[in-house]
Amino acid sequence: MTNDNQITNTISLEKYGIKNAKVNYQLSPERLHDITIEKGQGVEASSGALAVNTGEFTGRSPKDRFIVEDAITKDKVWWGNINIPFNAAKFDALYDKVANYLSNKEIFVRDCYACADADYKLNIRVVNEYPWSNQFAYNMFLRPTADELKNFEPEWTVINAPGFKANPEVDGTRQHNFAILNFTKKIALIGGTGYTGEIKKGIFSALNFILPVYKNTLPMHCSANVGKEGDTAIFFGLSGTGKTTLSTDPSRSLIGDDEHGWTAENTVFNFEGGCYAKVINLSRDNEPEIYDAIKKGAILENVVLDEKGHVKFEDTSITQNTRVSYPINHIENIQIPSIGKKPKNIFFLTADAFGVLPPISKLTPSQAAYHFISGYTAKVAGTEAGVLEPTPNFSACFGAPFMPLHPTKYAEMLSKKMKDSGVNVWLVNTGWTGGPYGVGTRMKLKYTRAMINAVLNGDLGLYNYDDYHIHSVFGVAQPRECPGVPTSVLSPRSTWNDDEAYYTTAFKLTNAFRENFKKFESYASEEIRRGGPQRYAF
Ligand code: ATP
Ligand code: MN
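Residues numbered from 1 in each chain as written. Chains lettered and ligands numbered in written order. Predicted model: local features only at pLDDT ≥ 70, side-chain atom pairs only at ≥ 80, totals over all residues. Heavy atoms only, no water.

### Comments concerning the domain arrangement of the protein
In terms of domains, the protein is made up of domain 1 (14-41 + 65-215) and domain 2 (342-531). A C-alpha centroid distance of 35 Å is found between domain 1 and domain 2. Listed per partner, the contact involves 14 residues of domain 1 and 11 residues of domain 2. Summing both partners gives a buried area of about 1100 Å² for domain 1 against domain 2, and 73% of it is carried by carbon and sulfur. Remark: the boundary between domain 1 and domain 2 carries zero salt bridges. At the boundary of domain 1 with domain 2, the tally comes to six residue pairs in polar contact (both at pLDDT 80 or more). Taken together, the elements giving at least two residues each to the side of domain 1 that touches domain 2 come down to β4 (65-68) and α6 (197-214). (Domains from an automatic or database assignment. Contact = heavy atoms within 4.5 Å. Buried area = accessible area lost by both parts, 1.4 Å probe. Salt bridge = Lys/Arg side-chain N within 4 Å of Asp/Glu carboxyl O. Polar contact = N/O pair within 3.5 Å; in protein donor to acceptor, adjacent residues only side chain to side chain. Helix = DSSP H or I, 4+ residues; strand = E, 2+ residues; numbered from the N terminus.)

### Section: the sheet that holds strand β3 (residues 50-52)
Backbone-to-backbone hydrogen bonds join strands into a sheet, with any given pair of strands oriented parallel or antiparallel. With respect to topology, five strands assemble into an open sheet ordered β2-β3-β17-β18-β16, the strand pairing being mixed. Strands with a single pairing partner mark the edges of an open sheet, and in this sheet they are β2 (42-44) and β16 (274-278). On average, each strand axis in the sheet is tilted by 25° relative to the strand beside it, whichever way the strands run. Taken together, the three bridges between strand β17 (residues 299-301) and strand β18 (residues 323-327) define a ladder with antiparallel strand orientation. The residue of β18 that forms the bridge with Glu 301 is Arg 323. (Pairing = 2+ DSSP bridges. Axes fitted to C-alpha atoms, helices over the stretch in contact; angles between N-to-C directions.)

### Quick look at the UniProt feature "binding site: substrate" (unreviewed entry) in the protein
Cross-referencing UniProt, the feature "binding site: substrate" (unreviewed entry) maps to Arg 60, Tyr 195, Lys 201 and Arg 323 in the present numbering. Looking at where Arg 60 falls in the secondary structure, it is placed in the loop between β3 and β4. Given a relative accessible area of 31%, Arg 60 falls into the partly exposed group. Discounting chain neighbours no more than four positions away, the residues touching Arg 60 are Tyr 195, Gly 197, Glu 198, Lys 201, Pro 401 and Phe 402. Among the structural elements, Arg 323 can be located in strand β18. (UniProt positions renumbered as here; feature names shortened; annotations may be inferred. Buried < 20%, exposed > 50% of the residue type's maximum accessible area, 1.4 Å probe, protein only.)

### A short note on the environment of Asn 286
Counting through the fold element by element, Asn 286 comes out in the loop between β16 and α8 (288-293). On the accessibility criterion, Asn 286 (45% relative accessible area) is partly exposed. Taking C-alpha positions, Asn 286 is 9.4 Å from Thr 245, a pair spaced 41 residues apart along the chain. Beyond its immediate chain neighbours, meaning those up to four positions away, Asn 286 contacts Leu 445 and Arg 449.

### Considering the pattern of salt bridges
Enumeration according to the criterion identifies 21 salt bridges in this entry. Among the ionic pairs, Asp 92 bridges to Lys 185, the shortest N-O distance being 2.7 Å. Of this pair, Asp 92 sits in helix α2 (residues 88-102) while Lys 185 is found in the loop between β9 (178-182) and β10 (187-191), placing the two residues 93 residues apart along the sequence. Lys 185 sits in the partly exposed class, given a relative accessible area of 44%. Its salt-bridge partner being Glu 148, residue Lys 121 comes within 3.0 Å of it at the nearest N-O pair.

### Re the packing of aromatic side chains
Scanning all chains against the criterion turns up 31 aromatic pairs. Residues Tyr 502 and Tyr 503 carry aromatic rings whose centres are separated by 5.2 Å and whose planes lie at 75° to one another, so their mutual orientation is edge-to-face. According to the relative accessible area criterion, Tyr 503 is partly exposed, its value standing at 24%. An aromatic cluster is present here, built from Tyr 370, Tyr 376, Phe 394, Phe 513, Phe 517 and Phe 520 joined pairwise through their rings. One Lys or Arg, Lys 201, reaches over the ring of Phe 402 and ends 4.7 Å from the middle of that ring. (Phe/Tyr/Trp six-rings, centres within 6.5 Å; stacked < 30°, edge-to-face > 60°. Lys NZ or Arg CZ within 6 Å of the ring centre and 35° of its normal.)

### Remarks on α2
An ideal rise of 1.5 Å per residue puts 21 Å on 15 residues; α2 measures up with 21 Å between its terminal C-alpha atoms. The complete set of buried residues in α2 reads Phe 91, Leu 94, Tyr 95, Val 98, Ala 99 and Leu 102. One face of α2 carries all of its buried residues, which in axial projection span an arc of 145°. Among the exposed residues of α2, those oriented more than 90 degrees off its buried face are Ala 89, Asp 96 and Asn 100. (Expected span 1.5 Å × (residues − 1). Arc of directions from axis to C-beta.)

### Structural notes on the confidence of the model for the protein
For the protein, per-residue confidence averages 95 on the pLDDT scale, and residues scoring 70 or more make up 97% of the total. Contacts of residues 1-6 to residues separated by more than four positions or lying in other chains number 13 contacts, the stretch itself having pLDDT below 50. (pLDDT = per-residue confidence, 0-100.)

### What to know about the side chain of Thr 448
Structurally, the position occupied by Thr 448 is in helix α11 (residues 445-456). If near-sequence neighbours (up to four positions away) are discounted, Thr 448 is found in contact with Leu 246, Val 428, Thr 430 and Met 443.

Structure representation (structure tokens):
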């Protein structure tokens with residue numbers, strides 16, 4: 001780990017066009033914590049963590065995320081409303097404006113890297129307007145040793161200017177905020193938003209292009225951990241489905257929280273050096289490891305504190321997306337370095353607000369490919385204006401907003417890896433049971449953990465026909481028994497006590513699956529199409 005006392009040097013930002021800046025280079029997280037408080041940009045919570053507000057934006061803004069269309073990206077990127085093209089000359093002009101904006105200011109610069117496997121290391125220089133954003137970069141990226149810093153050559157640069165506002169008419173943005181990736185210049189340019197997630201997801205998006213295109217490695221929006229036998233488990237899922245919660249397991253070593261690569265050598269490495277956990281309704285009883293990670297060094301975002309500085313985790317008056325970032329070593333049981341071997345189990349997490357998917361089921365290779373391309377979860381009523389009933393939300397590869405290539409590129413890689421490694425794939429519904437959102441309840445975390453542990457301990461083999469039931473609508477293999485889980489919970493239909501309502505709702509969901517899959521049909525093989533639900537309402 002870096003001993004920050006030894007770092008007395010600084011760097012110049014002139015070559016970035018940022019003139020006459022007061023550069024704070026590689027400050028320790030403690031210094032950044034203190035400076036943030038001195039500047040009135042944050043306060044210390046009772047746990048010792050720093051608490052900040054990220055401002056106007058408390059989440060990512062996918063409609064303002066662009067990729068510069070250039071010789072590298074032109075024929076490779078899957079252009080559309082996810083990967084929105086940006087003109088190269090417009091980028092240069094906007095870059096100059098941002099550099100000019102950052103000139104003559106106090107700036108915070110940090111050298112760090114992504115990818116825990118040395119063969120894939122990506123050196124990054126992060127240039128921040130605010131001290132707490134720079135501390136976020138310390139928490140979330142990998143931290144070079146003092147030795148590694150001596151000859152540090154940054155490859156990618158993140159320029160982060162939350163206070164800068166673009167003029168859409170002149171600058172070619174949609175509105176005043178933007179996150180733009182430039183693969184020729186190797187720059188992520190972020191302005192008009194203080195949401196720190198844009199910084200980490202900017203580099204993630206870059207790696208989601210670089211690794212499959214140049215390094216024959218599958219990038220994944222997933223968490224990962226490893227058991228005592230060296231068996232790696234991977235958890236895919238959209239936001240809020242449980243990647244962070246379920247991978248943080250005291251009996252298994254955490255590899256990483258959100259972003260990983262699966263190499264041609266069948267190893268899995270973390271891109272990051274930290275975790276970025278949701279803290280809505282967090283309790284020490286349910287999630288002690290995450291709760292205890294919120295101490296000095298951690299940064300809480302957009303939470304409300306009481307007069308004693310205690311976090312009111314249930315308070316969503318600023319946003320539902322309250323967060324904490326912390327270096328991975330705030331978790332006790334971690335894998336060092338963050339690399340695992342031989343993935344043995346893959347979990348697709350989905351928060352099904354219709355309450356019709358089984359809490360756990362095993363997928364065939366076709367079903368795995370189908371569900372990976374579909375990337376289903378649900379939005380529940382109340383979290384977004386206008387959402388009045390559960391709405392299916394499909395996001396290819398469980399992370400479409402971060403995937404510059406066509407989803408089938410990633411799906412083909414995963415299918416091949418699944419076949420080569422013989423990994424087991426499970427669909428886990430961490431969402432509703434006993435009825436849809438509003439009628440049923442969220443699956444108990446205790447039960448989800450028990451089901452996952454049963455898989456990981458080899459207690460849910462599903463090798464005998466009698467061990468499972470093939471779901472009549474979804475076609476997936478539903479276990480009949482699972483240690484630590486009441487049998488009735490394993491069958492979603494039986495938790496409803498109303499067969500007709502159950503099937504009507506299940507067909508609503510299968511129809512949504514079919515509708516969504518249409519855009520992939522012409523790319524998908526017969527084998528993958530067979531992995532979809534078995535029955536639809538006509
Ligand atoms: P992101 O990609 O945004 O980081 P994530 O997949 O990591 O999202 P988590 O941070 O793990 O999502 O959030 C899952 C949330 O759901 C937590 O607040 C957790 O307490 C809650 N939860 C409730 N029931 C369950 C369950 N059965 N399984 C998993 N999580 C549950
Ligand atoms: Mn997470």
